[in-house]
Amino acid sequence: MAKYLAQIIVLGTQAIGRAFAKALKQEIAASQEAARRAGGGRQGEKRAEANARTGMTLEEAKQILNVEDLKNFEEITKKYEHLFAVNDKAKGGSFYLQSKVFRAKERIDQELKEALKAAKPSAAADDATGSAGDKQR
């Protein structure tokens, strides 16, 4: 009887150990994938900060508003307004869903603002070098 009990304990410990090792490998892989998606470096830090501030990733925000491309601002606004109106509590909608739609739009707006901010310094640098080149001619 003690022999069988010892075997059960050993087999159970081995199964738990394998499950723990597998879960650890999956967590490491997920962490590496998240770091890769975030872009790494300073940009990755900014994206992680924005995700934490809004509580939502950019991918999740795009899924909520059902948009693929962030370049079409009119489409984003149109879908946001529609989903926000449909989920209005006064019309029998869900305040929770309405707030998710609002946060998704907020997250996308934040990403667009960061992209615009990143584009401005390079445009200003191009203008400065272009005007300096004109003066030399």
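Everything numeric here is computed off the predicted structure, so don't read it as measured data.

A. Spotlight on the overall build of the protein. When you go through the protein residue by residue, the secondary structure sums to five helices and zero strands. Counting helices and strands in the order they occur from the N terminus, the protein gives α-α-α-α-α. Summarising the internal contacts of the protein: among those between residues at least 6 apart in sequence, 52% fall at separations of at least 24. Put simply, the protein shows about 10500 Å² of open surface, and 59% of that area lies on carbon and sulfur atoms.

B. Main features of the packing of aromatic side chains. This model, assessed by the stated rule, comprises one aromatic pair. Seen from their ring centres, Tyr80 and Phe84 are 5.5 Å apart, and the 35° between their planes marks the pair as tilted. You can see Tyr80 and its partner Phe84 sitting in helix 4 (residues 73–86), four residues apart, about one turn around the helix. Exposure remark for Phe84: the relative accessible area of 30% places this residue in the partly exposed category. Here the guanidinium or amino end of Lys105 rests over the ring plane of Tyr80, the centre of that ring lying 5.7 Å away.

C. Structural context of the side chain of Gln98. One can find Gln98 in helix 5 (residues 95–136). In this structure Gln98 comes out as buried when scored by relative accessible area, which is 9%. Every residue in contact with Gln98, bar those within four places of it in the chain, is listed here: Phe84, Asn87, Asp88 and Lys89.

D. Seen up close, the pattern of salt bridges. In this structure the tally under the stated criterion is six salt bridges. We note a salt bridge from Lys79 to Glu75, for which the minimum N-O separation is 3.3 Å. In this pair, Lys79 and Glu75 both sit in helix 4, four residues apart, roughly one turn of the helix. Among the residues examined, Lys79 registers a relative accessible area of 25% and is labelled partly exposed. Judged by relative accessible area, Glu75 falls into the partly exposed class, the value being 28%.

E. Up close: helix 4. Across its 14 residues, helix 4 extends 20 Å between first and last C-alpha, which sits within 8% of the 20 Å expected from 1.5 Å per residue. Those residues of helix 4 that fall on the buried side of the exposure criterion are Ile76, Thr77 and Tyr80. Along the axis of helix 4, the buried residues cluster in a sector spanning 95°; they form a single face. Across helix 4 from its buried face, at more than 90 degrees, point the exposed residues Glu74, Lys78 and His82.

F. Main features of the side chain of Glu111. Within the fold, Glu111 resides in helix 5. Here Arg107 takes part through its side chain, which lies 3.0 Å from a polar atom of the side chain of Glu111. Those residues within four positions of Glu111 in sequence are excluded, and the remaining contacts are Arg47, Leu58 and Leu70.

G. Quick look at unusual backbone geometry. The backbone of Asn66 shows a phi angle near 55°, a positive value even though the residue is not glycine. One can find Asn66 in the loop between helix 3 (58–65) and helix 4. Residue classification places Asn66 among the exposed positions, given a relative accessible area of 52%.

Rules used throughout
Residues numbered from 1 in each chain as written. Predicted model: local features only at pLDDT ≥ 70, side-chain atom pairs only at ≥ 80, totals over all residues. Heavy atoms only, no water. Helix = DSSP H or I, 4+ residues; strand = E, 2+ residues; numbered from the N terminus. Contact = heavy atoms within 4.5 Å. Areas by Shrake-Rupley, 256 points an atom, 1.4 Å probe, with all protein chains shown as cover. Phe/Tyr/Trp six-rings, centres within 6.5 Å; stacked < 30°, edge-to-face > 60°. Buried < 20%, exposed > 50% of the residue type's maximum accessible area, 1.4 Å probe, protein only. Lys NZ or Arg CZ within 6 Å of the ring centre and 35° of its normal. Salt bridge = Lys/Arg side-chain N within 4 Å of Asp/Glu carboxyl O. Expected span 1.5 Å × (residues − 1). Arc of directions from axis to C-beta. Polar contact = N/O pair within 3.5 Å; in protein donor to acceptor, adjacent residues only side chain to side chain.

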